[in-house]
Amino acid sequence: NASDRERGYISAVGKLYEDFKHVDQRTRVVGYERAMNALVEAQPADTEAIIFHALSLVAIASPTDKSYASQLKAETRRECVAGARAASQRRCAGAHARGRRA
């Protein structure tokens, strides 16, 4: 049986192929981005979901949007992942250092 997380990924990827004969690619990619956003909201600690959502934000970015809003939001997502990993590495390094003193 698939976990909620796995079902979320399957559902999101399904948006990329949903009614592909009648729905244009941009609409399907936007659906994927929205599904990945929902997955991140449901699983905020899932760094892989955050990364895939960031990639989807870049994929939906309009080449004529000179505000780069979508790309900037993707960068914010990337920073969240980098910050979470750095904090995790600090915790691990701290635990390792405490273990050596014992």
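Scroll up to find the structure.
For the structure given in this document, a descriptive report is provided here. Just so it is clear, the structure is predicted and the values come from calculations on it, not from any experiment.

## Structural notes on helix α3 (residues 47-60)
- With 14 residues, α3 ought to run about 20 Å at 1.5 Å a step, and its terminal C-alpha atoms sit 20 Å apart, in line with that.
- Buried within α3 are the following residues: A49, I50, H53, A54, S56, L57 and I60. Buried residues of α3, viewed axially, fall in a sector of 165°; they line one side. Exposed and oriented more than 90 degrees from the buried face of α3 are L55 and A59.

## Thoughts on the nonpolar core
- Counting 10 residues, the largest nonpolar core is built from Y9, A12, Y32, A35, M36, L39, V40, A49, I50 and V81.
- Every element with two or more residues in this core is listed here: α1 (4-17), α2 (25-42) and α3.
- Considering every element that reaches this core, the biggest residue donor is α2, with 5 residues.
- Once residues lying within four places of it in the same chain are set aside, the contact partners of A35 are A12 and K15.
- Residues V29, A54, L57 and A74 belong to the second largest nonpolar core, which totals 6 residues.

## Thoughts on the packing of aromatic side chains
- Under the defined criterion, the tally for this structure stands at 1 aromatic pair.
- When the ring of Y9 is compared with that of F52, the centres are 6.3 Å apart and the planes differ by 85°; the resulting orientation is edge-to-face. With a gap of 43 residues between them, Y9 in helix α1 and F52 in helix α3 connect regions that are remote in the sequence.
- Under the relative-accessibility criterion, Y9 is labelled buried at 16%.
- Judged by relative accessible area, which is 38%, F52 ranks as partly exposed.

## As for the side chain of S70
- Examined against the element boundaries, S70 turns out to sit in helix α4 (residues 69-101).
- Among all residues touching S70, those that are not within four sequence positions of it are L57, V58, I60 and A61.

## Focus: the packing of α2 against α3
- With their axes 9 Å apart at the nearest point, α2 and α3 run at an angle of 150° to one another. Taken together, the axes of α2 and α3 are roughly antiparallel relative to one another. Seen from above, α2 lies across α3 with left-handed handedness. Residues R26, V29, V30, Y32, E33, M36, N37, L39 and V40 of α2 form the contact with α3, whose participating residues are A49, I50, F52, H53, S56, L57, A59 and I60.

What counts, and at which threshold
Residues numbered from 1 in each chain as written. Predicted model: local features only at pLDDT ≥ 70, side-chain atom pairs only at ≥ 80, totals over all residues. Heavy atoms only, no water. Helix = DSSP H or I, 4+ residues; strand = E, 2+ residues; numbered from the N terminus. Expected span 1.5 Å × (residues − 1). Buried < 20%, exposed > 50% of the residue type's maximum accessible area, 1.4 Å probe, protein only. Arc of directions from axis to C-beta. Core = buried A, V, L, I, M, F, W, Y, C linked by side-chain atoms within 4.5 Å. Contact = heavy atoms within 4.5 Å. Phe/Tyr/Trp six-rings, centres within 6.5 Å; stacked < 30°, edge-to-face > 60°. Axes fitted to C-alpha atoms, helices over the stretch in contact; angles between N-to-C directions. Parallel < 35°, antiparallel > 145°, perpendicular 65-115°, else oblique. Left-handed = near helix turned anticlockwise from the far one by under 90°.

Interpretation note: all reported values are geometric properties and have no functional meaning in isolation.
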